[in-house]
Amino acid sequence: MGLGVRWTLHGDGRTPAPGAVVRPDERLSWPRTAGLGAQHVVAMFGASFVAPVLMGLDPNLAIMMSGVATAIFLLATRGRVPSYLGCSLSFVGVAAAIRAGGGNSAVVTGAVFVVGAALFLAGLAVRRFGARIIHAAMPPVVTGAVVMLIGFNLAPVTASTYWPQDQWTALLTMLFTGMAVVCLRGFWSRIAIFLGLVFGYALSWLSDLVFGKIHSTVGGAEAVDHWRLDLSGVGKADWIGLPSFHAPQFQWSAILIALPVVIALLAENAGHIKAVGEMTGDPLDDELGTAIAADGAASMLSTAVGGPPNTTYSENIGVMAATRVYSTAAYWAAAGFALLFGLCPKFGAVVAAIPGGVLGGITVILYGMIGLLGAQIWINGGVDLRNPLNLVPAAAGIIIGIGGVKLHLTDTFELGGIALGTIVVITGYHALRYFAPAHLKQQEPLLDAGTSAYDE
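Residues numbered from 1 in each chain as written. Predicted model: local features only at pLDDT ≥ 70, side-chain atom pairs only at ≥ 80, totals over all residues. Heavy atoms only, no water.

1. Re the environment of Gly79
Next up, step 1: Among the secondary structure elements, Gly79 is positioned in the loop between helix H3 (59-76) and strand E3 (85-87).
Next up, step 2: Residue Gly79 is classed as buried on the basis of its relative accessible area of 9%.
Next up, step 3: It is 8.9 Å that separates the C-alpha atoms of Gly79 and Arg6, two residues lying 73 residues apart in sequence.
Next up, step 4: With sequence-adjacent residues up to four places away left out, Gly79 is seen in contact with Leu3, Gly4, Pro24, Leu74 and Thr328. (Helix = DSSP H or I, 4+ residues; strand = E, 2+ residues; numbered from the N terminus. Buried < 20%, exposed > 50% of the residue type's maximum accessible area, 1.4 Å probe, protein only. Contact = heavy atoms within 4.5 Å.)

This is the structure in structure tokens:
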């Protein structure tokens, strides 16, 4: 069985033939393939660089490990599933919650390492028993509610940490990014977050030039006079060098906060496999377990050295759809570019210098989009919220997760926020289903369309 690292030349190697696509085992000329690889890296710039900054992790290490993770994924799926693995925004909420509880970067990476391990085991289980074991435990009403509470749990972070640093830059960045997402077309719409970062960067620099320092809070601390855009770290950074590594540290309280993200990652992978299979004309349902396990293994490797976890990126699906090029050779090129970026500390310093006001405007949209993906899962799964069996556990879990409700179990241990909300949704749904009358137990649809034919 091959590793999927051999490609045949598509046509003349320049452009896809009319009505045709460049399949995963094909490629264009190597210069064009390299250009497409660079395009994929740019497409994930916005979210993939914002995520490690919001998690308090090294952006240089994040981009380097995203290249390594992509290589692992391509090898594991034997080149059948074109995908780029970047830092998942689903973990930003748990990182914020862990740090709010006194955890440092080592505790954050330790908790998400366990999430990667759980995802890896889930992938092996899907390979062995089929995807229906996941659907039985986590039907759409459960999955959607958990994804929603993970996203909306982040709202206080934007409101109290980023937005107050420069409210006008945050507002203008939010408006510009929203316009870019809605009004731009093709590739430009796929990099709307990146364009919003560039706009906010430029606006902050211009504001410093015109108005001088701003008097505001920094990271939730007391208000002080400071520059909106501080590039002092960029000048000190080297052009070439290794990122900073650290070992993970494991704490049960942090692990319990992070584990619910497994549900979001399962949904992301299922949707990605379905979308790519439909676009390439090659059903990939049989690769779901492998893709999930590869995602988990790549996240374990990244967090083991102090990097963030990784997952498949929808931005890159948009690039493939726009170019009709699904060649995994382009993703190998993207992985190579990511490794090169990771070896440039000056580049990471530029990313780390993103002004707080800019992050405020970007995260208003990003965090909301994460939460509303849960609603999209409900829509795709045909969840009927008029049914109290669906409504009650989802409503209770979401309010607990978003509101930060806490359950004090002992003097030193408590459950709250994302962890408690997820437990309430999952256990509440299955307990109520056990006792509910028969007319409320209509047949549940699958998690999403991504695995509808997996066991057929």
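2. Some words on the domain arrangement of the protein chain
Next up, step 1: Split into domains, the protein chain comes out as domain 1 (27-161 + 183-193 + 242-354) and domain 2 (383-437).
Next up, step 2: One C-alpha centre belongs to domain 1, the other to domain 2; they are set 27 Å apart.
Next up, step 3: Listed per partner, the contact involves 20 residues of domain 1 and 17 residues of domain 2.
Next up, step 4: Carbon and sulfur atoms make up 84% of the surface buried where domain 1 meets domain 2, a total of about 1500 Å² over both sides.
Next up, step 5: In this assembly, domain 1 and domain 2 are joined by 0 residue pairs in polar contact (both at pLDDT 80 or more).
Next up, step 6: Mapped onto the side of domain 1 that touches domain 2, the elements with two or more residues apiece are helix H4 (92-100), helix H6 (132-137), helix H7 (140-152) and helix H13 (252-258).
Next up, step 7: Classifying every residue of the side of domain 1 that touches domain 2 by side-chain character gives 17 nonpolar, 3 polar and no charged. (Domains from an automatic or database assignment. Buried area = accessible area lost by both parts, 1.4 Å probe. Polar contact = N/O pair within 3.5 Å; in protein donor to acceptor, adjacent residues only side chain to side chain. Nonpolar A, V, L, I, M, F, W, Y, C, P; charged D, E, K, R; others polar.)

3. As for H7
Every α-helical turn comprises 3.6 residues, leaving residues that sit three or four positions apart pointing alike.
Next up, step 1: Taking 1.5 Å per residue, 13 residues should reach 18 Å; H7 reaches 18 Å between its end C-alpha atoms and fits that length.
Next up, step 2: Across the 13 residues of H7, 12 count as buried, placing the element largely inside the fold.
Next up, step 3: If you check which residues of H7 are buried, you get Pro140, Val141, Val142, Thr143, Gly144, Ala145, Val146, Val147, Met148, Leu149, Ile150 and Gly151. (Expected span 1.5 Å × (residues − 1).)

4. Points about the packing of aromatic side chains
Next up, step 1: Under the defined criterion, the tally for this structure stands at 5 aromatic pairs.
Next up, step 2: For the pair Phe176 and Phe199, a centre-to-centre distance of 4.3 Å together with 5 degrees between the ring planes defines the contact as stacked. Taken together, the residues span a long stretch of sequence, with Phe176 in helix H9 (residues 167-183) and Phe199 in helix H11 (residues 192-211) at a distance of 23 residues.
Next up, step 3: Of the residues examined, Phe199 reaches a relative accessible area of 28% and is grouped as partly exposed.
Next up, step 4: Between Tyr434 and Phe435, the aromatic rings sit 5.0 Å apart at their centres with planes inclined by 90 degrees, giving edge-to-face as the arrangement. (Phe/Tyr/Trp six-rings, centres within 6.5 Å; stacked < 30°, edge-to-face > 60°.)

5. A closer look at the nonpolar core
Next up, step 1: Core analysis: the biggest nonpolar cluster contains 95 residues, and Met55, Tyr84, Phe91, Val92, Leu266, Tyr367 and Trp378 have the highest contact counts within it.
Next up, step 2: Per-element tally for this core: the top contributor is helix H14 (residues 261-280), with 10 residues.
Next up, step 3: Judged by nonpolar contacts, the second largest core, of 5 residues, contains Leu28, Leu36, Val325 and Ala330. (Core = buried A, V, L, I, M, F, W, Y, C linked by side-chain atoms within 4.5 Å.)

6. As for the pattern of salt bridges
Next up, step 1: Summed over all chains, the structure comprises 5 salt bridges.
Next up, step 2: Note that Arg78 is salt-bridged to Glu287, the shortest N-O span being 2.6 Å. Placement of Arg78 in the loop between H3 and E3 and of Glu287 in the loop between H14 and helix H15 (288-304) is noted, with a sequence separation of 209 residues between them.
Next up, step 3: Residue class for Arg78 comes out partly exposed when judged on its relative accessible area of 26%.
Next up, step 4: For Glu287, a relative accessible area of 1% translates into the label buried.
Next up, step 5: Here Arg80 and Glu287 are joined by a salt bridge, their closest N and O atoms 3.1 Å apart. Taken as a pair, Arg80 in the loop between H3 and E3 and Glu287 in the loop between H14 and H15 lie far apart in primary sequence, 207 residues in all.
Next up, step 6: Taken together, the shared-partner salt bridges connect Arg78, Arg80 and Glu287 into one network. (Salt bridge = Lys/Arg side-chain N within 4 Å of Asp/Glu carboxyl O.)

7. Some details on the state of the cysteines
Next up, step 1: Scanning all chains against the criterion turns up 0 disulfides.
Next up, step 2: In this model Cys344 remains outside any disulfide bridge; the closest cysteine sulfur is found in Cys87, 19 Å from its own. (Disulfide = S-S within 2.5 Å.)

8. Digging into the side chain of Thr303
Next up, step 1: Looking at the secondary structure, you find Thr303 in helix H15.
Next up, step 2: We classify Thr303 as buried; its relative accessible area is 0%.
Next up, step 3: Of the polar contacts made by the side chain of Thr303, one reaches the backbone oxygen of Ser299; its length is 2.8 Å.
Next up, step 4: Residues within four places of Thr303 in sequence aside, it is in contact with Thr109, Val112, Phe113, Pro248, Pro308 and Pro309.

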